[in-house]
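Results of the structural survey
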Amino acid sequence: MTESIEKRVKKAHQAFLEMSRAKGIERSLAVSLMAEKLEECFDDILQANTLDLEISREMSVPDLILDWLKLTPQRLEAAVEILKTLAELPDPFQKVINAPYQVTYCQNYSQLMPLGVIAMVYEALPDLAIIAAGLTIKTGNSLILRGGSESSNTNTIISQILQVALEEADFPPSCIEFLPSEQGYSIQDLITQDQYLNLIIPYGRPSLIQQVTEMATAPVLKSAMGNCYLYWSLSSDLDIVKSVIIDSHDSLPDPVNAIEKVLINSQQKSTSITRLFSHLQENDFILKGEPSLVEEFPDYLNPVKESSWYEPFLTKTIAFRRTDDLQSAIAYINEHSSGHANCLVTDSYQEGRTFAMEADSALVYINSSPRFYRYLQGSNSVFLGVSNQKGHRRGLISLETFTTLKQIVVGDGQM
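Attention in this report is confined to the structure presented alongside it. (Residues numbered from 1 in each chain as written. Predicted model: local features only at pLDDT ≥ 70, side-chain atom pairs only at ≥ 80, totals over all residues. Heavy atoms only, no water.)

**Some thoughts on the pattern of salt bridges**
Applying the stated rule across the entire model yields 14 salt bridges. The salt bridge partner of Glu 290 is Arg 321, with a shortest N-O separation of 3.6 Å. Separated by 31 residues along the polypeptide, Glu 290 in the loop between β9 (286-289) and α12 (291-296) and Arg 321 in strand β11 (residues 317-323) bring together distant segments of the chain. The burial state of Glu 290 is the same as that of Arg 321; both residues are buried. (Salt bridge = Lys/Arg side-chain N within 4 Å of Asp/Glu carboxyl O. Helix = DSSP H or I, 4+ residues; strand = E, 2+ residues; numbered from the N terminus. Buried < 20%, exposed > 50% of the residue type's maximum accessible area, 1.4 Å probe, protein only.)

**Let's talk about the packing of aromatic side chains**
This structure, assessed with the given rule, holds five aromatic pairs. Note on Phe 277 and Phe 320: the rings are 4.7 Å apart at their centroids and 65° apart in plane angle, and the pair reads as edge-to-face. With Phe 277 in helix α11 (residues 270-282) and Phe 320 in strand β11, the pair connects residues that are 43 residues apart, well separated along the chain. Here Phe 277 and Phe 320 have matching classes, each one buried. Across from the ring centre of Phe 285, 4.6 Å away, lies the NZ or CZ of Lys 316, which sits over that ring. One residue, Arg 321, lies across the ring of Trp 309, its end atom 4.9 Å from the ring centre. (Phe/Tyr/Trp six-rings, centres within 6.5 Å; stacked < 30°, edge-to-face > 60°. Lys NZ or Arg CZ within 6 Å of the ring centre and 35° of its normal.)

**With respect to the layout of surface pockets**
If you add up the space inside the largest pocket, you get close to 400 Å³. If you trace the largest pocket, you find 19 residues lining it, with Ala 78, Ile 82, Leu 252, Arg 374 and Tyr 375 closest to the centre. The set of elements that each furnish at least two residues to the lining of the largest pocket consists of α5 (73-88) and α6 (127-138). Residue contributions to the lining of the largest pocket peak at six residues, all from α5. (1 Å grid on protein atoms, 1.4 Å probe; cavity = no way out; pocket = protein on both sides within 12 Å on 5 of 7 lines; lining within 4 Å. Points joined across faces, edges and corners; volume = space filled by probe spheres on them.)

**Looking at the sheet that holds strand β3 (residues 117-122)**
One open sheet holds the four strands; their spatial order is β5-β4-β3-β6, and the pairing between them is parallel. Single-partner strands in this sheet number two, and they are β5 (176-178) and β6 (199-203). Neighbour-to-neighbour, the strand axes of the sheet open up by a mean angle of 15°, direction not taken into account. Both strand β4 (residues 142-147) and β5 contribute to a ladder of three bridges, which runs parallel. Looking at β5, one finds that Leu 143 is bridged to Ile 176. Packed on one face of the sheet, helix α7 (residues 152-168) meets β3, β4 and β5 and runs near 155° to β5. (Pairing = 2+ DSSP bridges. Axes fitted to C-alpha atoms, helices over the stretch in contact; angles between N-to-C directions. Contact = heavy atoms within 4.5 Å.)

**Considerations on the sheet that holds strand β1 (residues 96-98)**
Pairing within the open sheet is antiparallel, and its three strands lie in the order β1-β2-β16. Whereas interior strands pair on both sides, the edge strands pair on one side only; in this sheet they are β1 and β16 (403-410). Each neighbouring strand pair of the sheet contributes to a mean axis angle of 40°, computed without reference to strand direction. Pairing of strand β2 (residues 107-114) with β16 involves eight bridges; the strand directions are antiparallel. For Pro 114, the partnering residue across the bridge sits in β16 and is Thr 403.

**Description of a nonpolar patch on the surface**
Together, Leu 51, Ile 55 and Met 59 line one region of the surface with nonpolar side chains, adding up to about 290 Å² of accessible area. Tracing the chain through its elements places Met 59 in the loop between α3 (42-58) and α4 (63-69). You can call Met 59 exposed: its relative accessible area is 61%. (Patch = residues over 30% accessible without salt bridge, like charges linked within 9 Å, V, L, I, M, F, W, Y side chains within 5 Å. Areas by Shrake-Rupley, 256 points an atom, 1.4 Å probe, with all protein chains shown as cover.)

**Description of the pairing of strand β13 (residues 363-366)**
The alternating pattern of β13 places Leu 363 and Tyr 365 on a buried face, while none of Val 364 and Ile 366, on the opposite face, is buried. Examined bridge by bridge, strand β12 (residues 341-345) and β13 share four bridges and lie parallel to one another. Within β13, the position partnered with Asn 342 by the bridge is Val 364. For the crossover from β12 across helix α14 (residues 349-358) to β13, the handedness is right-handed. (Right-handed = clockwise from strand over helix to strand, strands pointing away.)

**Digging into the state of the cysteines**
Tallying each qualifying case throughout the model produces zero disulfides. Distance from the sulfur of Cys 228, which forms no disulfide, to the nearest cysteine sulfur (Cys 343) is 9.3 Å. For Cys 343, a relative accessible area of 0% gives the class buried. (Disulfide = S-S within 2.5 Å.)

As C-alpha cells, then:
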C-alpha cells in the first residue's frame, strides 16, 4: 500500500473543495470528456475484464458474480451513453427552491449543494463505477471507489481513464480515487473515515450491505436488490401477471426490481395457476412454493426454505404462496420483502389505492412491471439503483441523491 487510506480520503476531500469553484458547464465538460476517453479505450477495458473473468473462474467465484463482472461492448456503450446524457442535463444547482419557512424582513430561499466526498463499495459490476463517476462529477462531488477483488483489473483501468479525462478538464484527478483491495485497502478502514466522508453507498449482495451498514461511522445509503413481491388479486388479468413477472427480470445484469415472490389469492382458480406456472417454466424460471402448493402442483414446484421469504434469490427463481386477501398480502409483504419495490395486479381501483397507501415500499407498482432502468432512452433521468431506507434518500438513487439542501437568509440589518 503506497499511501495510507487516510491520505487518499483526505486527497479526495481536498479535490472536492477545489472543485466547488467549478461552474456547471465545466462539470458537464468533464463528464463529456470521461465518455470520450472511455470510448477510445473500449478494447483495453474489455481485455482487462477478460483477464478478471479468467482469474475469477480459476478462483471458483460464484456464477452470479461472474455474470455481474462480465462486461460486453453493449454494457460499456450503455454506460458511456449515460455519461453523455448526464453531460447534456442542466446544472442541478441552478434551481432555487422555496424556503420551508420565512424570516421576517429577509429574503429566504433554499439551494441544492454538493454533498462532498462519496464512497461507493461494490461487488463486480465495473460499469457502475462509470455511472457513479458521472453522477458525482456532475453534482460537484468527489468519489472514492472500492470494488471487489474479482474486478480489480477492470476497475483499475476504468479509474485511470476517468482520471485522465479529469486532468484534461483541469479538474483534480483525486476527484475520483480508486482503492484496490489487493493493496491492503480494506472496506472497514474506508467506511470509518467519517472525518471526510459524507456518504457511503454499498452495492451488491445483502451480506455486503449489512457489513457496511454495521461497521460504517459515516452516513450510509443502503441500496436494495431483489426480493420484490407481487400480489395476484382475485380481480386481475392472468396475462398481466405473466408479462409483469417476466419483464421485471430483464434489468440485466443485476435484477434490481425482479419479482421473486408471488402471493396468490386463495380463491384463485387452479387452472389459472397451472397456466402461470407452465408459462414461467417455458421461460426458464425455477419455481418454488410453500408446502401446500408444492403438494398441489408437484410437477411445477419445489419446496422453499422458510428463510427465503426474507431473502433475495438474485436469479430467475420465484417462490409462491397463497394468502387470503389484500390485507393479509400487504401484511406479509411489509414483514418479509426488502421494501424497495413491490407490485399489485388487480382490476379493482380500490385495491390499487389501498396497496399504494399501505404497502411499506419505496416504489409501488400497480398493473405495471417494476423493471429497473438505469437510463431509459429519450428520458432525462439516470439512476444508480434503489434505496429502501427511510432516511437520507428513499427510492431511486439519482442526481438529487448526490446533493444536499442549504437554506439562505438575506437581510438588510433590520431585526
